Amino acid sequence: MKTEIISIIPVLPSADIARDVAWYQAQAGFNVEFADDMYAGLYRDNIYLHLQWHAGTDDDPLPGGSVIRILVKNIRPIFEEFVERGTVAADKFRANTPWGTNVFGFYDLNGNAVFVMEGAA
């Protein structure tokens, strides 16, 4: 069975999740799927956007490399492909996360994080 790529979910840095969730609701028409003070998932129609809090310090800068999440069905074949390519170590697969996903990820040459996930958007 081949992996079906469903969508990409960008994850944007945020200095204040509550403030930014309210702005996306009021100014862009997004709805909240889930949110706490560190991470939020927003949606509008078939568009998903995640916000992740950053401290804005040298150890946790607000600006920096981007993060994307690629939502798929049947994650195992694409994970095995990336392991075979040497992009991801075989022990990097995370099954049944607390937020209901299976996921693995890697960084590109520019330090951008790419996560492939199956499950909750």
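Residues numbered from 1 in each chain as written. Predicted model: local features only at pLDDT ≥ 70, side-chain atom pairs only at ≥ 80, totals over all residues. Heavy atoms only, no water.

Undergrad: Honestly, helix H2 (residues 75-85) in this entry has me stumped. Any pointers?
TA: Each full turn of the α-helix corresponds to 3.6 residues, which orients residues three or four apart in the same direction. Three or more residues of H2 are buried, namely Ile75, Ile78, Phe79 and Phe82. Down the axis, H2 shows its buried residues gathered within 105 degrees of arc, on one side only. Buried residues along H2 sit in contact with strand S5 (67-73), strand S6 (101-107) and strand S7 (113-119). Backbone geometry just downstream of H2 places Gly86 in the positive-phi region, at approximately 85 degrees. (Buried < 20%, exposed > 50% of the residue type's maximum accessible area, 1.4 Å probe, protein only. Helix = DSSP H or I, 4+ residues; strand = E, 2+ residues; numbered from the N terminus. Arc of directions from axis to C-beta. Contact = heavy atoms within 4.5 Å.)

Undergrad: I would appreciate a short explanation of the side chain of Thr3 in the present structure.
TA: Inspection of the secondary structure assignment puts Thr3 in the segment before strand S1 (4-14). Within the local environment of Thr3, its side chain forms a polar contact with the backbone oxygen of Asn74, the two atoms lying 3.1 Å apart. Here Thr3 is in contact with Val72, Lys73, Asn74, Pro77 and Ile78, once residues within four sequence places are set aside. (Polar contact = N/O pair within 3.5 Å; in protein donor to acceptor, adjacent residues only side chain to side chain.)

Undergrad: Would you mind going over the pairing of strand S3 (residues 39-44) with me for this structure?
TA: On a regular strand, one side chain projects to one face of the sheet and the next to the other, so that they alternate. The pairing of strand S2 (residues 31-35) with S3 spans four bridges and is classified as antiparallel. Counted as the bridge partner of Phe34 is Gly41 from S3. In sequence, S2 turns back onto S3 through a hairpin of three residues. Here six bridges tie S3 to strand S4 (residues 47-53), and the two strands are oriented antiparallel to one another. What sits directly across from Leu42, in S4, is Leu49. (Pairing = 2+ DSSP bridges.)

Undergrad: Where do I start with the sheet that holds S4 in this structure?
TA: By way of backbone hydrogen bonds, the strands of a sheet pair with one another, either parallel or antiparallel. Taken together, seven strands build an open sheet; the order of strands is S2-S3-S4-S1-S5-S7-S6 and the sheet is mixed. Every interior strand has two partners, whereas the edge strands, S2 and S6, have only one. Within the sheet, the average angular offset between the axes of one strand and its neighbour, ignoring direction, is 25 degrees. Here S1 pairs with S4 via four bridges, running parallel. The residue of S4 that forms the bridge with Val11 is His50. Packed on one face of the sheet, H2 meets S5, S6 and S7 and runs near 25 degrees to S6. (Axes fitted to C-alpha atoms, helices over the stretch in contact; angles between N-to-C directions.)

Undergrad: Help me out: how do you make sense of the packing of aromatic side chains in this one?
TA: Within a pair of aromatic rings, the relevant descriptors are the distance that separates the centres and the angle that separates the planes. Counted according to the given criterion, the structure contains eight aromatic pairs. When the centroid spacing of 5.8 Å and the interplanar angle of 85 degrees are considered together, the rings of Tyr24 and Phe30 count as edge-to-face. Geometrically, the ring pair formed by Phe79 and Phe93 is tilted, given 5.1 Å between the ring centres and 55 degrees between the ring planes. Of the two residues, Phe79 sits in helix H2 while Phe93 sits in the loop between H2 and S6, which places them 14 residues apart along the sequence. The residues Phe79 and Phe93 share a single accessibility class, namely buried. (Phe/Tyr/Trp six-rings, centres within 6.5 Å; stacked < 30°, edge-to-face > 60°.)

Undergrad: Quick question: what am I supposed to make of the environment of Thr3 here?
TA: Using a relative accessible area of 13% as the deciding quantity, one classes Thr3 as buried. In this structure, the C-alpha to C-alpha distance between Thr3 and Pro77, residues 74 residues apart in sequence, is 6.2 Å. At a separation of 3.2 Å, a polar atom in the side chain of Thr3 contacts the main-chain amide nitrogen of Ile78.

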